[in-house]
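Examining the three-dimensional arrangement
As a plain string of letters, each chain reads:
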Amino acid sequence: MVDVPFDTVAGIPPAEVGEVDLYHPKSWWTRYVFSQDAKVIAIQYSITAMSIGMVALVLSWLMRLQLGFPGTFSFIDPNQYLQFITMHGMIMVIYLLTALFLGGFGNYLIPLMVGARDMVFPYVNMLSYWVYLLAVVVLVSTFFVPGGPPGAGWTLYPPQAILSGTPGQDWGIILMLASLILFIIGFTMGGLNYVVTVLQARTRGMTLMRLPLTVWGIFTATVMALLAFPALLVASVMLLLDRLLGTSFFMPTLVEMGQLTKYGGGSPILFQHLFWFFGHPEVYIVALPAFGIISDLISVHARKNIFGYRMMVWAIVAIGALSFVVWAHHMYVSGMHPYFGFFFATTTLIIAIPTAIKVYTWVLTLWRGDIHLTIPMLFALAFIVTFVNGGLTGLFLGNVVVDVPLSDTMFVVAHFHMVMGIAPIMAVFGGIYHWYPKITGRMLNEVLGRFHFWVSFLGAYAIFFPMHYLGLLGMPRRYHDIGETAFVPASAHDLNAFMSVAALIVGFAQLVFLFNLVWSLFKGKEAGGNPWGAASLEWQTPETPPGHGNWGKELPIVYRWAYDYSVPGAAGDFVPQNEPPAGLLAQGAGP
Amino acid sequence: MAETALTNTIEPPARPGGWRGIAADWSSDQRAFKNVSWGKAMMWIFLLSDTFIFSCFLLSYMTARMSTTVPWPNPSEVFALTIGDKRIPLILIAIMTFILISSSGTMAMAVNFGYRRDRVKTAALMLATAAFGATFVGMQAFEWTKLILEGVRPWDNPWGAAQFGASFFMITGFHGTHVTIGVIFLIAIARKVLRGDFDVERRGFFTSRKGHYEIVEITGLYWHFVDLVWVFIFALFYLW
Ligand code: HEM
Ligand SMILES: [Cu+2]
């Protein structure tokens, strides 16, 4: 125990744990490569995730080219199309978004926002990244093995996933499952760190109810991931055994090419239950960090305290808990007992309540705020719009009778891209534009940034809004070429071509963004320590970018929540979390 | 939560009652769990996650067992040993269970002596625990061999539903791996105890953090958990 006195002015108790010594890097290798510093690990995670995300982006171009101009691109055959959707979906959801939000944003922001020097177990944290990298390498290797990557859709449903008619059946699916298992192991090492850091390693004065909502979002998402990934792990292990050893956990008796297979007696529905017990919480694993980031961006850039902070926290926790009891809404057409559909539709619609609370509180935070249309704010607004859009179609699909005809159409693809594709990506971009100055000490280029925003936002709408209509017409998903049908009019094909062109343009804008990231690193405007005038702790570090151990000699003491903006009577238009209360301010502040 | 907790707190706020009090305690300053070290918190949360893994395995097995149309082999006959000329059902499993539960006892004693800083007794008891664990794994290897010789395969077996062999090898294999990892950890830490690492707070090779006797208790948490899981496997796989 170090000897820290009780802070009588603010009633803040002394430190409960003494300072833990940090690992001090001794060479270039341990400083930048095998680094145990959460900030470096965060950057490693982010770069890896964005690189693999580029692969998924290129795959989406190829798919859109095929859908927009069927028959023109002869190098995309039907099997490849299936492989593309599988890899695109899997990479986007798990290897990009999950890794970027938790491994990237989580590692960078948690220690800084809670006032810690690092994660609690830096060595394990480092291992987490390297196992993740290994998972990515195994994933990429599927493109180069005989037969190519798996083609059963990102849901990997058996029996199809491991039968011989499916592309990637010999090597692809095995490596895919192995990669998932590695990812889960790596994630668990990191996730334990994030959770324990938030719970047990906060600085003096930082109660949980003073945490910025970003930390709440990442924390809850991590807890969920620690409880949801086990189901995917088990499903992957069992599917791997079915494929490699010929067990029949998920495989019923089947005739394949006129031959009875060696399988028999297993239950494909069991896989679906395991998969979606993971899969639905996964949606919120990428949504909750986005919720948190958006709350903070809105508050900072509208110079207003967040409306209903406590409601926000409870809503995040409630959404996290509820999302464990809705998984079978993905299985309305799987042949479940109809009463199950009734139960899961009810729980699904109940989730809309805390979610709506969040949307209302964002809007009420904006209400009469001093809104600065900075790039992070633009992305935050775009998030709200796309998220509400996707959430509303989610209400449609949550009802069994509406879902049954719409299931497996482009309507579903439009829905989930809006709600868990575009919306979280908007939060990622907003977050990067917001925190880049802290990470590098320089601002991202404004002109390129605005270009990137408008093209991405409007472009994403151009791709996915018409897609709802195609879905209502009955255009199926996961089809290489729908050919001539009675129910899809010729005009729909023109629409498809339009969407594909939009997709290419949006993709191009992402290259501009990547260029901006690199260019601004050297040429960007100097940012100073706190360019946005933000109150939360990560902006109050003695150095920018924060040095080893984050805080210099003394850990900060926190006296207030993270949202003291435009406090009546205060000297500046914001009060940093670590500024001791004094005089006037002491009476005026607070909601 | 009291409103004051969000803003300036010149006076320490009055303690709220009821639900607000519970929320305030949980969210209180610096640490949510007051006397829990980082390592222990991490182990508890890991075990929670691991519980979900084992639950998924066991639920999947139970689904398979309940939905199969082919009869399930009778565990008390399959897992019987002929000793002398008597066939005793589940005898090996009973002994294995006994051994594993005894190992929890020695582990608990090791934790106790660890906090008394009795190097030799702590290390001895940890090694005894490891020995029990190794015996358990050894007997499991015997059981696997016996079943394999009788023709049980993950994809097939002579007596009924193919999922029997599949679930058996998968679940006991996964649990056995846990035990083996535990044994390795026990030996590694017993060595550190014996060498006096925790008396001089020697730094770890990888982590370069100071070592403490608490690690004995953390290893113990893991060990008791693996034990507890076995009780469920025993009840749900063998006794059902
Ligand atoms: C410009 C951005 C994107 C474009 C143009 C795009 C395009 C597509 C297309 C054309 C499909 C296949 C539809 C079908 O035939 O079934 C698809 C599927 C999918 N996408 Fe995207 N996508 C984009 C971004 C994202 C993002 C950010 C995510 C992250 C959640 C995502 C997740 C998925 C998933 C999960 C699937 C389903 C794969 C399957 O059916 O197995 N996409 N996307
Ligand atoms: Cu869902």
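This one's a predicted model, so the numbers in the text were calculated from it and none came from an experiment.

Considering the overall build of chain A
Along its length, chain A carries 15 helices and two strands. The C-alpha radius of gyration of chain A comes to 24 Å, within 12% of the 25 Å expected for a compact globule of 591 residues. Dimensions of chain A, computed from C-alpha atoms along their principal axes, come out at roughly 85 × 50 × 50 Å. Split into buried and exposed, the 591 residues of chain A put 64% on the buried side. At a minimum sequence separation of 6, the contacts of chain A that also span at least 24 residues come to 78%. For chain A, the computed accessible surface area is about 21,300 Å², with 71% contributed by carbon and sulfur atoms.

Looking at the UniProt feature "domain: Heme-copper oxidase subunit III family profile" (unreviewed entry) in chain B
The positions that UniProt labels "domain: Heme-copper oxidase subunit III family profile" (unreviewed entry) are, in the present scheme, residues 43-240 of chain B. Between the first and last C-alpha atoms of residues 43-240 of chain B the distance is 31 Å; the span itself is 73% helix and 4% strand.

So, the packing of helix α2 (residues 38-68) of chain A against helix α4 (residues 122-141) of chain A
Residues and elements named next belong to chain A. Where α2 contacts α4, the axes come no closer than 10 Å and their chain directions differ by 10°. Considering their axes alone, α2 and α4 lie roughly parallel with respect to each other. Here α2 contributes A38, I41, Q44, Y45, T48, A49 and I52 to the contact with α4, which in turn contributes P122, N125, M126, S128, Y129, W130, Y132, L133, V136, L139 and V140. When grouped by side-chain class, the residues that make up the contact of α2 with α4 number 14 nonpolar, four polar and no charged.

Details of unusual backbone geometry
Residue and element names in this part refer to chain A. Here the bond from P158 into P159 is cis, since omega is 0°, no more than 30 degrees from zero. Take P159: it is sitting in the loop between α4 and α5 (172-200). In this model, M257 sits at a positive phi of 50°, which is unusual for a non-glycine residue. At R478, a position not held by glycine, the phi torsion is positive, near 60°. For R478, the location among the structural elements is in the loop between α13 (446-473) and α14 (490-523).

What to know about the coordination of the copper ion (ligand 2)
Residues and elements named next belong to chain A. Looking at the metal site, the copper ion (ligand 2) is ligated by H280 (ND1), H329 (NE2) and H330 (NE2), spaced 1.8 to 2.0 Å from it. Expressed as a motif, the donor residue spacing for the copper ion (ligand 2) is H-x48-H-H. In this pair, H280 sits in helix α7 (residues 268-301) while H329 sits in the loop between α8 (309-322) and α9 (338-366), placing the two residues 49 residues apart along the sequence. Residue class for H329 comes out buried when judged on its relative accessible area of 12%.

So, the packing of aromatic side chains
Residue and element names in this part refer to chain B. Scanning the model with the defined rule gives 70 aromatic pairs over all chains in all. Relative to Y238, the ring of F237 has its centre 5.6 Å away and its plane inclined at 70°; by these criteria the two rings are edge-to-face. With respect to class, F237 is no different from Y238; both count as buried. The positively charged end of R65 is found above the aromatic ring belonging to W240, 4.4 Å away from the centroid.

A few points about empty space enclosed by the protein
All names here are of chain A. Across all of its chains, the model carries six cavities of 30 Å³ or more by this definition. Space inside the largest cavity adds up to approximately 80 Å³. Looking at the largest cavity, the residues that line it are L67, P70, M475, Y479, H480, D481, I482, H493 and N496. Per-class residue counts for the lining of the largest cavity are five nonpolar, three polar and one charged. Every residue along the wall of the second largest cavity is listed here: P212, D296, V300, H434, W435, S536, E538, W539, A562, Y563 and Y565. Elements represented by at least two residues in the lining of the second largest cavity include exactly α7 and α12 (410-440).

A look at the coordination of the iron atom of ligand 1
All names here are of chain A. Within the protein, the iron atom of ligand 1 binds to H88 (NE2) and H417 (NE2); these donor distances fall in the range 1.9 to 2.0 Å. Taken together, the six donor atoms coordinating the iron atom of ligand 1 and their angles of 87 to 179° define a geometry best described as octahedral. Of this pair, H88 sits in helix α3 (residues 78-114) while H417 sits in helix α12, and the two are 329 residues apart along the sequence. Given the relative accessible area of 12%, H88 is considered buried.

Observations regarding the side chain of A:R204
Residues and elements named next belong to chain A. Relative to the elements of secondary structure, R204 occurs in the loop between α5 and α6 (213-244). Relative accessible area serves as the criterion here: at 10%, R204 is assigned to the buried category. At 3.1 Å, the side chain of R204 forms a polar contact with the backbone oxygen of P13.

Description of the packing of α7(A) against α12(A)
Residues and elements named next belong to chain A. Packing of α7 against α12 brings their axes to within 9 Å, and their N-to-C directions diverge by 45°. Between α7 and α12, the angle is such that the two are oblique. For the pair α7 and α12, the sense of crossing is left-handed. Along the contact surface, α7 presents V283, V286, A290, I293, I294, L297, V300 and H301, while α12 presents M420, P424, A427, G430, G431, H434 and W435. Of the residues assigned to the contact of α7 with α12, the class counts are 11 nonpolar, four polar and no charged.

So, the UniProt feature "transmembrane region" (unreviewed entry) in chain B
Residues and elements named next belong to chain B. In this structure's numbering, the residues bearing the UniProt feature "transmembrane region" (unreviewed entry) are residues 41-62, 88-111, 123-142, 162-194 and 215-239. Across residues 88-111, the secondary structure splits into 88% helix and 8% strand, with the terminal C-alpha atoms separated by 36 Å. Across residues 162-194, the secondary structure splits into 97% helix and 0% strand, with the terminal C-alpha atoms separated by 48 Å.

Regarding the interface of chain B and chain A
On the side of chain A, 70 residues touch chain B, which itself brings 47 residues to the contact. Of the roughly 5,100 Å² buried at the junction of chain B and chain A (both faces included), carbon and sulfur atoms supply 64%. The interface formed by chain B and chain A includes two salt bridges. Notably, a salt bridge pairs B:K34 with A:E16, separated by 2.8 Å at the nearest N-O pair.

As for the site of ligand 1
Residue and element names in this part refer to chain A. Near ligand 1 you find 23 residues, and of these Y81, H88, W154, H417 and R478 are the closest. In the environment of ligand 1, a nitrogen atom lies 2.7 Å from a nitrogen or oxygen atom belonging to the side chain of H417. One of the backbone nitrogen or oxygen atoms of R478 is found 2.6 Å away from an oxygen atom of ligand 1. Put simply, the parts of the chain that give the shell around ligand 1 at least two residues each are α2, α3 and α12. If you tally residues by element for the shell around ligand 1, the top one is α3, at seven residues.

Observations regarding the environment of A:P354
Residue and element names in this part refer to chain A. With respect to the element layout, P354 can be found in helix α9. Overall, P354 belongs to the buried group, its relative accessible area being 9%. A C-alpha to C-alpha distance of 9.7 Å links P354 and L322, two positions 32 residues apart in sequence. With sequence-adjacent residues up to four places away left out, P354 is seen in contact with A315, A318, I319 and L322.

Thresholds applied
- Residues numbered from 1 in each chain as written.
- Chains lettered and ligands numbered in written order.
- Predicted model: local features only at pLDDT ≥ 70, side-chain atom pairs only at ≥ 80, totals over all residues.
- Heavy atoms only, no water.
- Helix = DSSP H or I, 4+ residues; strand = E, 2+ residues; numbered from the N terminus.
- Rg over C-alpha atoms; globule rule 2.2 N^0.38 Å.
- Buried < 20%, exposed > 50% of the residue type's maximum accessible area, 1.4 Å probe, protein only.
- Contact = heavy atoms within 4.5 Å.
- Areas by Shrake-Rupley, 256 points an atom, 1.4 Å probe, with all protein chains shown as cover.
- UniProt positions renumbered as here; feature names shortened; annotations may be inferred.
- Axes fitted to C-alpha atoms, helices over the stretch in contact; angles between N-to-C directions.
- Parallel < 35°, antiparallel > 145°, perpendicular 65-115°, else oblique.
- Nonpolar A, V, L, I, M, F, W, Y, C, P; charged D, E, K, R; others polar.
- Donors = N, O, S within 2.8 Å, 3.2 Å for Na, K, Ca; no water.
- Phe/Tyr/Trp six-rings, centres within 6.5 Å; stacked < 30°, edge-to-face > 60°.
- Lys NZ or Arg CZ within 6 Å of the ring centre and 35° of its normal.
- 1 Å grid on protein atoms, 1.4 Å probe; cavity = no way out; pocket = protein on both sides within 12 Å on 5 of 7 lines; lining within 4 Å.
- Points joined across faces, edges and corners; volume = space filled by probe spheres on them.
- Tetrahedral: all angles 85-135°; square planar, octahedral: opposite > 155°, others 65-115°.
- Polar contact = N/O pair within 3.5 Å; in protein donor to acceptor, adjacent residues only side chain to side chain.
- Left-handed = near helix turned anticlockwise from the far one by under 90°.
- Buried area = accessible area lost by both parts, 1.4 Å probe.
- Salt bridge = Lys/Arg side-chain N within 4 Å of Asp/Glu carboxyl O.
- Near = heavy atom within 4 Å.

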